[in-house]
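Overview (structure and organization)
So you can see what is in the structure, the chains are spelled out below.
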Amino acid sequence: MAEIRKLEGKVALVTGAAQGLGEAILKEFALEGAKTIIFDIDANESNRVKEELRKTNNDTELVIIDVCNSDAVNIAISNLYKKYKKIDILVNAVGGFYNFDKITDVTDEEWHKVININLNSAFYCTRAVMKYMEKSKSGRIINISSGAGIAPNPHAPSYVPYGAAKAGLLGMTKLLARDAGEFGITVNAIAPGTALTPRVKKVRDARSISNIAKMNPLKNIIEPVDCAKAAVFLSSDDARYITGITMMVNAGNLIF
Ligand SMILES: NC(=O)c1ccc[n+]([C@@H]2O[C@H](COP(=O)([O-])OP(=O)(O)OC[C@H]3O[C@@H](n4cnc5c(N)ncnc54)[C@H](O)[C@@H]3O)[C@@H](O)[C@H]2O)c1
């Protein structure tokens, strides 16, 4: 029997897809038959992902872009719509943080930078795709938040500007889900626990990683593919009536 691919014929845009969780999501979408588009600032890593996909007979479109630049986002998404006549799926995966400064050490510049990367970028991309999704009367928007947007990490340090931005994304997800529903658009969030992406390897030391893994009920930390499988589910017809939720993918790191 022919294998049924869950995203056959869908046009899927993933921000931050040149590495880490975004890359895993993009690759899983490609395996499920979607036409994939990378929005990323890093040309070298984007080209690496494109080349890896080419070897598996999957093509992906690259848009080298700073998603914190709203004009650039508007132009790029309008160009994609002209080319494909639709955008079915948007995953806002750009984000992250790079230190654990105490709130009293956080400068205005640092605060705005973290909010910009983690929250404003998702707003710019969402606003730009919404009008096309509304026209098509369908669409899937997935915001990659974090356990840090729900509660402090019980087993390791957290960073306030990042948690604030990721909590903002969860609020945006819930409010937009209600407004978007009448257009057949679902809006959901994934709140990953710690995963060993290239960024996390730089920001967390070995002790912190080992603590998280030991203390998680499932005695391990998640892998990027775990988030990717959740994103496929939320983008597929299987999740057609799921909207406004936060799916925690975290090996039990937070339970409440
Ligand atoms: N890795 C984790 O443990 C973890 C846990 C919870 C949440 N998250 C969230 O998942 C998402 C991905 O995290 P990651 O660890 O894979 O990060 P990462 O740094 O490994 O990957 C982020 C990607 O975003 C791109 N990017 C950064 N700024 C950009 C910009 N302004 N414009 C366009 N592209 C830009 C980078 O080039 C990179 O390819 C983030 O939103 C992060 O907050 C990650």
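Below, the structure is looked at part by part. (Residues numbered from 1 in each chain as written. Predicted model: local features only at pLDDT ≥ 70, side-chain atom pairs only at ≥ 80, totals over all residues.)

Quick notes on the pairing of strand β1 (residues 11-15)
By the criterion of burial, β1 is predominantly enclosed, with five of the five residues buried. Neither face of β1 is open: one carries V11, L13 and T15, the other A12 and V14, and all of them are buried. In the classification by handedness, the crossover that spans β1, the intervening helix α1 (residues 20-31) and the parallel strand β2 (residues 35-40) is right-handed. With three bridges joining them, β1 and strand β4 (residues 89-92) adopt parallel strand pairing. Bridge pairing in β4 places L13 opposite L90. (Buried ≥ 20, exposed ≤ 12 C-beta atoms within 10 Å, placed from the backbone. Helix = DSSP H or I, 4+ residues; strand = E, 2+ residues; numbered from the N terminus. Right-handed = clockwise from strand over helix to strand, strands pointing away. Pairing = 2+ DSSP bridges.)

What about helix α8 (residues 224-235)?
Between its terminal C-alpha atoms α8 stretches 17 Å, which fits the 16 Å expected from twelve residues at 1.5 Å a residue. Listed as buried for α8 are C227, A228, A230, A231, V232, L234 and S235. Contact partners of the buried residues in α8: α1, β4, β5 (139-144), β6 (185-192) and β7 (246-249). (Expected span 1.5 Å × (residues − 1). Contact = placed C-beta atoms within 7 Å.)

Here's the deal with helix α5 (residues 160-181)
For α5, which comprises 22 residues, the first-to-last C-alpha distance of 32 Å matches the rise-based estimate of 32 Å (1.5 Å per residue) to within 8%. Every buried residue belonging to α5 is among Y162, G163, A165, K166, L169, M172, T173, L176 and A180, and all of these are buried. Against α4 (108-136), β5, β6 and β7 lie the buried residues of α5.

Concerning the nonpolar core
Core analysis: the largest hydrophobic core is formed by 71 residues, its most contacted members being V14, I25, C227 and A231. Considering each element in turn, this core owes the most residues, ten residues, to α4. Excluding residues within four positions of it along the chain, A231 makes contact with I25, E28, V91, I142 and I190. (Core = buried A, V, L, I, M, F, W, Y, C linked by C-beta atoms within 7 Å.)

So, the sheet that holds β2
With parallel pairing, the seven strands of this open sheet are ordered in space as β3-β2-β1-β4-β5-β6-β7. Both outer strands of the open sheet, β3 (60-64) and β7, are each paired with one neighbouring strand and no more. Across the sheet, the axes of successive neighbouring strands diverge by a mean angle of 20°, strand direction being ignored. Across five bridges, the pairing between β2 and β3 is parallel. What sits directly across from T36, in β3, is T60. (Axes fitted to C-alpha atoms, helices over the stretch in contact; angles between N-to-C directions.)

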